[in-house]
Amino acid sequence: LERPQVVSVAQQALNNTVFECRWVPRSARLLCLGSAARGTGLLQLLELRGGKLELLREIEKPKPLKCGTFGATSVQQRYLATGDFGGNLSIWNLEAPETPVYSVKGHKEIINSIDGVGGLGIGEGAPEIVTGSRDGTVKVWDPRQKDTPVANMEPVQGESKRDCWTVAFGNAYNQEERVVCAGYDNGDVKLFDLKTMSVRWETSIKNGVCCVEFDRKDVNMNKLVATSLEGKFHVFDMRTQHPTKGFASISEKAQKSTIWQVRHLPQNRDVFMTSGGAGSLHLWKYEYPAQRSKKDSEGVEMGVAGSVSLLQNVTLSTQPISSLDWSPDKKGLCVCSAFDQTVRVLIVTKLNKV
């Protein structure tokens, strides 16, 4: 088997901290969100031109920007939704990014994570944005409704509030069935059913959950990957939910340090990349078992987990790689940012052979 190679095609040093980088859909441009040295927020627009990254614009914001998504916008508008250190959810038109087209004080504390669905032609149903915050709440917003979230998942009375580090939409294959998965600092993973407004499933992976992502947002729930502080990640088979055992899963110890993010290849949902605290990227492939479900001793269906194999790994930086994004348009093209204040554009080769 010819192994994929991870090749760096361009890099750009910036004089600020980048928390998230994102491809602008249908373009050779990318965005970096972060904080300037003096504690303000920065939104930087770069373009890939002939093997070089060029900074096109740099816009300062009052608070550092922690996370961003294009998931709830149309391809025509390409509006960016961001969460900042002040708990503000804002939506920006990149053609005129001075003032947000939508803004709400969504949370009492920093918004750690954001995801969008229903835009870019991905997923059925209304365009919605989910935010997860240090204040312990997870909120779902419809940008067409001002000021109030359409859903608010918060700890019940008497439950201690946990720092929510990561959120992701899934199961958006029709108008009704949408779910949100959230991961917390104590290792809890919760699956919220937006139709019944209840917790459909919960588990604990023992360590702080840095990132959760479904392999696809817009299909019947298939797989979910959760990454953790201790270098482990877990793949859950989300097709069969057992009444007591929940979803079948496998865990893999990728490295000794934190796995900051996981991103599935848009063109092949069984291939995903994890980014790590040691400045490395690992490329994985999930193999399904011969049968995805079996009956337990009582005759109840339960899932069967598959296995993962490492296709390639590469160390790019001495600092953690905190953010990673595949290009939705060009297979194998991705961008990552690390705490060495460098943004790198990479190409992963031979992905059609795996």
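Per-chain numbering applies: the sequence of each chain, read as written, is numbered from 1 onward. The model is predicted, so local features are restricted to residues of pLDDT at least 70 and side-chain atom pairs to those at 80 or more, both for listing and for counting; the totals for chains, interfaces and linings are taken over all residues. As a rule here, side-chain values come from all non-hydrogen atoms in the structure, and water together with hydrogens is ignored.

Labelled according to an unreviewed UniProt entry, the protein chain appears under the name Dynein axonemal assembly factor 10, originating from Upupa epops. Check the Function (unreviewed entry) section of the UniProt entry for the protein chain; it says "Key assembly factor specifically required for the stability of axonemal dynein heavy chains in cytoplasm." Its UniProt record gives the protein chain a comment under Subcellular location (unreviewed entry), which states: "Dynein axonemal particle". UniProt positions are given in the numbering used here, feature names are shortened, and annotations may be inferred rather than shown by experiment.

Asks: I'd like to hear about the overall build of the protein chain, residue by residue, with values.
Replies: Secondary structure elements follow DSSP: runs of H or I no shorter than four residues count as helices, runs of E no shorter than two count as strands, and numbering proceeds from the N terminus. Within the protein chain, the secondary structure is distributed over 0 helices and 30 strands. A compact globule built from 354 residues would reach a C-alpha radius of gyration of about 20 Å, and the protein chain, at 19 Å, matches this within 12%. Taken over the C-alpha atoms alone, the protein chain extends approximately 60 × 50 × 35 Å along its principal axes. Of all 354 residues assigned to the protein chain, the portion counted as buried reaches 57%. By the convention used here, residues are in contact when the closest approach between their heavy atoms is within 4.5 Å. Of all intrachain contacts in the protein chain linking residues separated by at least 6 positions in sequence, the fraction that spans at least 24 positions is 50%. Only the protein chains shown count as cover for residues, and all accessible areas are computed by the Shrake-Rupley method using a 1.4 Å probe. Accessible area for the protein chain stands at about 14,600 Å²; split by element, carbon and sulfur atoms hold 46% of it. If the 44 positive side-chain charges of the protein chain are averaged to one point and the 39 negative ones to another, these points end up 4 Å apart. Just to be clear, the radius of gyration here is over C-alpha atoms, and the globule rule we use is 2.2 Å times residues to the power 0.38. In this scheme, a residue with accessible area under 20% of its type's maximum is buried, one over 50% is exposed, and one in between is partly exposed, where area comes from a 1.4 Å probe on protein chains only. Here Asp and Glu are counted as negative and Lys and Arg as positive; His is not counted, and neither are the chain ends. In this description, the location of a charge corresponds to atom NZ of lysine, CZ of arginine, CG of aspartate or CD of glutamate.

Asks: Describe empty space enclosed by the protein, and please don't skip the residues or the numbers.
Replies: Put simply, the grid is 1 Å and covers the protein atoms alone, a cavity is a trapped set of points that fit a 1.4 Å probe, a pocket is an open set with protein on both sides within 12 Å along at least five of seven lines, and lining residues have an atom within 4 Å of a point. Grid points are joined across faces, edges and corners, and a volume is the space filled by probe spheres set on the points. With the rule as written, the count across this model stands at 1 cavity of 30 Å³ or more. Looking at the largest cavity, its volume works out to about 30 Å³. Lining the largest cavity, in full, are Leu31, Leu43, Leu45, Arg57, Ile59, Leu94 and Pro97. Those elements that provide at least two residues to the lining of the largest cavity are strand E4 (41-49) and strand E5 (52-61). Think of it as three bins: nonpolar holds Ala, Val, Leu, Ile, Met, Phe, Trp, Tyr, Cys and Pro, charged holds Asp, Glu, Lys and Arg, and polar takes everything else, Gly as well. Partitioning the lining of the largest cavity into residue classes produces 6 nonpolar, no polar and 1 charged.

Asks: I'd like a description of the UniProt feature "repeat: WD" (unreviewed entry) in the protein chain, backed by residues and values.
Replies: As annotated by UniProt and renumbered to match this structure, "repeat: WD" (unreviewed entry) occupies residues 129-142. From the first C-alpha to the last, residues 129-142 spans 6 Å; its make-up is 0% helix and 64% strand.

Asks: How would you sum up the pattern of salt bridges? Please name residues and give values.
Replies: The term salt bridge refers to a side-chain nitrogen of Lys or Arg lying within 4 Å of a carboxyl oxygen of Asp or Glu. Tallied over the entire structure, the rule returns 25 salt bridges. The salt bridge partner of Asp185 is Arg162, with a shortest N-O separation of 3.1 Å. Note that Asp185 is positioned in the loop between strand E15 (179-184) and strand E16 (188-193) and Arg162 in the loop between strand E13 (151-153) and strand E14 (164-170), a separation of 23 residues in sequence. Asp185 gets classed as partly exposed once you look at its relative accessible area, which sits at 25%. Arg162 gets classed as partly exposed once you look at its relative accessible area, which sits at 32%. In this structure, the salt-bridge partner of Asp340 is Arg344, at a minimum N-O distance of 2.8 Å. Taking the relative accessible area as the measure of exposure, Asp340 reaches 24% and is therefore partly exposed. Bridged by salt links that share partners, the residues Asp215, Lys223, Arg269 and Asp270 form one connected network.

Asks: Tell me about the sheet that holds E15, and please be specific about residues and values.
Replies: A pair of strands is treated as paired once DSSP finds two or more bridges between them. Sheet architecture is open: 4 strands sit in the order E14-E15-E16-E17, paired in antiparallel fashion. Pairing within the sheet leaves two strands with one partner each, and these edge strands are E14 and strand E17 (198-204). For this sheet the average axis-to-axis angle between neighbouring strands, irrespective of direction, equals 20°. Only C-alpha atoms enter the line fits that serve as axes; for helices the fit covers just the stretch in contact. Angles between N-to-C directions range over 0 to 180 degrees.

Asks: Help me get a handle on the side chain of His264, residues and values and all.
Replies: Within the secondary structure, His264 is located in strand E22 (residues 259-265). Setting aside chain neighbours within four positions, we find His264 in contact with Glu213, Phe214, Asp215, Val225, Arg269, Val271, Phe272 and Trp326.

Asks: Mind laying out the sheet that holds strand E24 (residues 280-287), listing which residues take part and the relevant values?
Replies: Spatially, 4 strands are ordered E22-E23-E24-E27 in an open sheet, and the strand pairing comes out antiparallel. What marks the edges here is a single partner per strand, and that holds for E22 and strand E27 (307-315). Strand-to-strand twist in this sheet, taken as the mean axis angle between neighbours without regard to direction, amounts to 25°. Across 8 bridges, E24 lies against E27 in antiparallel orientation. Each bridged residue has a counterpart across the sheet, and for Leu281 the counterpart in E27 is Val314.

Asks: Quick one: what's the story with the environment of Asn152, residue by residue and with numbers?
Replies: Residue position: Asn152 is located in strand E13. Asn152 gets classed as partly exposed once you look at its relative accessible area, which sits at 32%. Taking the C-alpha atoms as reference, Asn152 lies 31 Å from Met273; in sequence the two are 121 residues apart. Setting aside its immediate chain neighbours within four residues, Asn152 contacts Thr137, Val138, Lys139 and Met197.

Asks: Quick rundown of the nonpolar core? Include the residues and the values.
Replies: Most often, soluble globular proteins keep nonpolar side chains buried together rather than apart. Side-chain atoms within 4.5 Å are what join buried Ala, Val, Leu, Ile, Met, Phe, Trp, Tyr and Cys residues into a set we call a nonpolar core. Counting 18 residues, the largest nonpolar core has Met273, Leu281, Leu283, Trp326, Val348 and Leu351 as the members making the most contacts within it. Those elements that place two or more of their residues in this core are strand E23 (268-276), E24, E27, strand E28 (321-326), strand E29 (333-338) and strand E30 (342-348). In terms of nonpolar packing, the next biggest core, distinct from the first, is built from 16 residues, Val179, Ile205, Val209 and Val212 among them.

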